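# Coordinate analysis (summary)
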Amino acid sequence: MSPPPFIVLGAGLTGLAAASRLGGEALLLEREAEVGGLCRTRVVNGFHFDCTGHWLHLAAPDMRRWVEELWPDALVELDRRAEIHLYGRRTPYPFQAHTYGLPSAVIADCLLGYFRAREARLCGRAAQPRTFADYILTHLGEGIAQHFMIPYNTKLWTVPPAELDHTWCRRFVPLPAPEEVVRGALAPGPQSQLGYNATFLYPRQGGIGGLGRRLQATLTGELRLGAAVVRLDWRARRLTLADGSTLAYRALVSTAPLADLLAMLVEPPSAVATAAAELRAISVTYWNVGLRGADRPDAPHWTYYPEPAVPFYRAGSTSAAVASMAPAGHRSLYVEVSHPRGAPCPVGDAELLAGLRAVGLCGAAEEPVVLERQLIDCAYVLMDGAYGHARATALDWLATQGILSVGRYGDWTYDSMEGALKSGLNAAARVREMT
């Protein structure tokens, strides 16, 4: 008899990459009717809507080469156009390098706070950050913290940054040099190249969902769609599916959210059960919005909204990057609202539309061609005080049982699409070493 297969749970980017690398020995299980996970594109009345913003950042040359070989001549490289909407003004992203045009008192707060924080660091008076709020204040100062970083991140994460760890954020919170802060306050200029996402790749046609389909075409093992796992007997190395069938596995690669994977375990050790209870996440409810009228040539790819009066924290437009994402003479938006996982979204359609009109994304009397609401149940993990120990306890124990929990949600972390692909490739190598 042949040995049980390597089973991969979830056909998002991580699971597809892992199953592709494992070849014919892999059985890939996906609960949905199509592959891609959150990297999917929905077509509605001629509009192509991604599952919110999926801009492809490929910093590693080998990863870029691999994706371009999978998808030859399909991608266009774009320079980021991102904005902050604050005090009725629009400034380029990142805020910390673009305060020109804001009220003079705000600019003064941001400059003075930045240089006071810098002086404290250089003179050895700054304490080592313990929280995300500490990191913001230590590196960017009180003004930038007060006017943008604290309100925006509170709105996104649903908890104050003082409750979050800081070690995740170094790649994702760009730190400007003094000259960038000063120049960005004195005069308008080209958008700063700060940050990992200053340029990105995006498909010329059809949306980001094509990446998952390209990865699917590389599979040589079995793929089962509509196969939801409900129970994991880690002692017997056996899965139970929603239809009552069971499957044995040699080793398991899971890309399901770590908290959800732990909930499937049959009689986990008490330390693992305790860790599972401490893992928190937030959901994102988002709206796909189709509007009449094409994007203006300089329309931002996405905009951040830190003020509480605006009901959403971010709105973006794939049609502003690639016009074919909307029918001719139309434009599209994705609009995001975060809330604790398991809690209802506090924003309704009418409130969302009022917000779009208030910030100028929709005309005062304009009615959308498309307005549909979608949910990402597990959108961002909360890296709070319990996060580090709980995550390590769970992941370490799972690995001893032949289970690798990987990818953005399996690893219970914050990462990009490139990170998801890398995680899948690395998991395939690791799982072979385990058996």
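The present account deals with the structure reproduced in this document. (Residues numbered from 1 in each chain as written. Predicted model: local features only at pLDDT ≥ 70, side-chain atom pairs only at ≥ 80, totals over all residues. Heavy atoms only, no water.)

The next thing to look at is the overall build of the chain. What the chain contains, in helices and strands, is 12 helices and 19 strands. Compactness check: the chain gives a C-alpha radius of gyration of 23 Å against a globular reference of 22 Å for 435 residues, within 12% of the reference. When the backbone C-alpha atoms are referred to their principal axes, the chain occupies close to 75 × 55 × 40 Å. For the chain, the residues scored as buried account for 55% of the 435 residues in total. In the chain, of all internal contacts separated by at least 6 residues, the share reaching a separation of at least 24 is 74%. Considering the chain, the positive charge centre built from 41 side chains and the negative charge centre built from 42 side chains are found 1 Å apart. (Helix = DSSP H or I, 4+ residues; strand = E, 2+ residues; numbered from the N terminus. Rg over C-alpha atoms; globule rule 2.2 N^0.38 Å. Buried < 20%, exposed > 50% of the residue type's maximum accessible area, 1.4 Å probe, protein only. Contact = heavy atoms within 4.5 Å. Lys, Arg positive; Asp, Glu negative; His and termini not counted. Charge placed at Lys NZ, Arg CZ, Asp CG, Glu CD.)

A word on the packing of aromatic side chains. The full count for this structure, using the stated rule, is 22 aromatic pairs. Among the aromatic residues, those joined into a cluster by ring pairs are F132, W157, W168, F172, Y196, Y380 and Y414. We note R250 situated over the ring of F6; from NZ or CZ to the ring centre the distance is 4.1 Å. (Phe/Tyr/Trp six-rings, centres within 6.5 Å; stacked < 30°, edge-to-face > 60°. Lys NZ or Arg CZ within 6 Å of the ring centre and 35° of its normal.)

What follows concerns the sheet that holds strand β2 (residues 26-30). Read from one edge to the other, the open sheet built from five strands follows the order β9-β2-β1-β13-β19, with strand pairing classed as parallel. Strands at the two margins of the open sheet, each flanked by one partner only, are β9 (222-225) and β19 (403-405). Across the sheet, the axes of successive neighbouring strands diverge by a mean angle of 15 degrees, strand direction being ignored. Pairing geometry for strand β13 (residues 251-254) and β19, over three bridges, is parallel. Each residue of the ladder has a partner; that of V253, found in β19, is L404. Packing against the sheet, helix α1 (residues 13-22) makes contact with β1 (6-9), β2 and β13, and its axis sits at approximately 160 degrees to β2. (Pairing = 2+ DSSP bridges. Axes fitted to C-alpha atoms, helices over the stretch in contact; angles between N-to-C directions.)

Attention shifts here to helix α3 (residues 104-122). The end-to-end C-alpha separation of α3 is 27 Å, in line with the 27 Å expected for 19 residues at 1.5 Å each. Each element contacted by the buried residues of α3 is listed here: α4 (132-157) and α5 (178-186). G124 occupies a position one or two residues after α3 and carries a positive phi of about 75 degrees. (Expected span 1.5 Å × (residues − 1).)

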